[in-house]
Amino acid sequence: MKIKVAFLPTGPLAIAGDVCIIVDVIRATTALVGLFDAGSDRVFVGGFRSDVAKARAAVGDGVICAELDDGSTPLGFDHEPSPSLLSRLDLSGRSAMLATANGTPAILAAVREGAASILIGSLRNLDAVARCALAEASSRNADITIICSGQLRNSRIAIEDSYCAGLIVSRFCALAKDDPVELDDSASLAHGFTISQDSAVKVLLGSMTGRRFIGNCRQNDVEFCARINESTIVPVVAAHGEDSDHPVYLLDA
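What you see is a predicted model; the values in this text were computed from it and never measured.

1. Brief notes about the pairing of strand E2 (residues 19-23)
With respect to burial, E2 is a largely interior element, 5 of its 5 residues being buried. The two faces of E2 match: Val19, Ile21 and Val23 on one face and Cys20 and Ile22 on the other face are all buried. Pairing between E2 and strand E6 (residues 117-121): 5 bridges, direction parallel. Within the sheet, the bridge partner assigned to Cys20 lies in E6 and is Ile118. Direction of pairing for E2 relative to strand E7 (residues 144-148): parallel, over a ladder of 5 bridges.

Okay, structure coming up:
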């Protein structure tokens, strides 16, 4: 089994048939996990500037969340994709929708490129998503690609996503004792960077994305995103009507 890391979700990803983990630590994939932690039974995702009317129609009495480039909430949506806020809501039995500048477009890219299975990863569900991905890849005899969402509309590498990818690689190496994994160069780079760092909170607070959110008075979100293994939920991108414990559906599918 080969482990790969795509530091950006752009260009030819060569992931057809792979089990993929999408990572956007600050904030989309952390927010997706948080929506399910808050009790949501399904979450729709759309691209940046998703249509508010379609979002509202999809979720009914649920919540719709989106962001502008500064992280604030566009007109007509209920909330910005703030993980610390969303995880405190009571969404029991309700749907939700999320559209962001980097994370949800990365999910759409993985769908377009033919990934066999798409899981949502973050620091908060680190061990759970690693175990789930290994089991899925083993059952499919497939490779695994961790796709980092990056920043500035997927145009630049985000150090916090690379850090999370490296931690997931570390978990793979520890968990796959009887079936050793093969790391490609990108996975080795991410892993090497991660083991050189002192702590997740230092990485996130010092990152370009983290500093931008701190400047916008959202340091609590950055610190929330740095917490490791506080959730066992693994959202999975699913086709409409497909059975899944924590399904993520495409808004326009």
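2. Focus: the packing of aromatic side chains
Within the structure shown, the criterion is met by 2 aromatic pairs. Taken together, a centroid distance of 5.7 Å and an interplanar angle of 45° make the contact between Phe44 and Tyr249 tilted. Remark: Tyr249 occurs in strand E10 (residues 247-250) and Phe44 occurs in strand E3 (residues 42-46); sequence separation between them is 205 residues. Since its relative accessible area comes to 6%, Phe44 is described here as buried. With a centroid separation of 6.5 Å and 85° between ring planes, the pair formed by Tyr163 and Phe193 is classed as edge-to-face. Of this pair, Tyr163 sits in helix H6 (residues 159-175) while Phe193 sits in helix H7 (residues 185-195), placing them 30 residues apart in sequence. Residue classification places Phe193 among the partly exposed residues on the basis of a relative accessible area of 22%.

3. A word on the pairing of E6
The side chains of a regular strand alternate, residue by residue, between the two faces of the sheet. Counting buried residues in E6 gives 5 out of 5 residues, a clear majority hidden from the surface. A two-sided burial pattern is seen for E6, the buried positions comprising Ser117, Leu119 and Gly121 on one face and Ile118 and Ile120 on the other.

4. Observations concerning the environment of His246
Looking at where His246 falls in the secondary structure, it is placed in the loop between strand E9 (236-237) and E10. Residues His246 and Asp18, 228 residues apart in the sequence, show an inter-C-alpha distance of 20 Å. Apart from the residues within four sequence positions on either side, His246 is in contact with Phe36, Ile233, Val234, Pro235 and Val236.

5. With respect to the packing of helix H5 (residues 126-140) against H6
The description of two helices packed together rests on the angle between their axes and the distance between the axes. Running from amino to carboxyl end, H5 crosses H6 at an angle of 60°, the nearest separation of the two axes being 9 Å. Between H5 and H6, the angle falls in the class oblique. Considering only the axes of H5 and H6, their crossing is right-handed. Counting all contacts with H5, which are made through Leu126, Asp127, Val129, Ala130, Arg131, Ala133 and Leu134, the residues of H6 involved are Cys164, Leu167, Ile168, Arg171, Phe172 and Leu175.

6. Regarding the packing of H6 against H7
Where H6 contacts H7, the two axes come as close as 7 Å, and the packing angle between them is 100°. When the interaxial angle is binned, H6 and H7 end up roughly perpendicular. Facing Ile159, Ser162, Tyr163, Ala165, Gly166, Leu167, Val169 and Ser170 of H6, the residues of H7 in contact are Ala187, Ala190, His191, Phe193, Thr194 and Ile195. In terms of residue class, the contact of H6 with H7 is made up of 9 nonpolar, 5 polar and no charged.

The rules behind the values
Residues numbered from 1 in each chain as written. Predicted model: local features only at pLDDT ≥ 70, side-chain atom pairs only at ≥ 80, totals over all residues. Heavy atoms only, no water. Buried < 20%, exposed > 50% of the residue type's maximum accessible area, 1.4 Å probe, protein only. Helix = DSSP H or I, 4+ residues; strand = E, 2+ residues; numbered from the N terminus. Pairing = 2+ DSSP bridges. Phe/Tyr/Trp six-rings, centres within 6.5 Å; stacked < 30°, edge-to-face > 60°. Contact = heavy atoms within 4.5 Å. Axes fitted to C-alpha atoms, helices over the stretch in contact; angles between N-to-C directions. Parallel < 35°, antiparallel > 145°, perpendicular 65-115°, else oblique. Left-handed = near helix turned anticlockwise from the far one by under 90°. Nonpolar A, V, L, I, M, F, W, Y, C, P; charged D, E, K, R; others polar.

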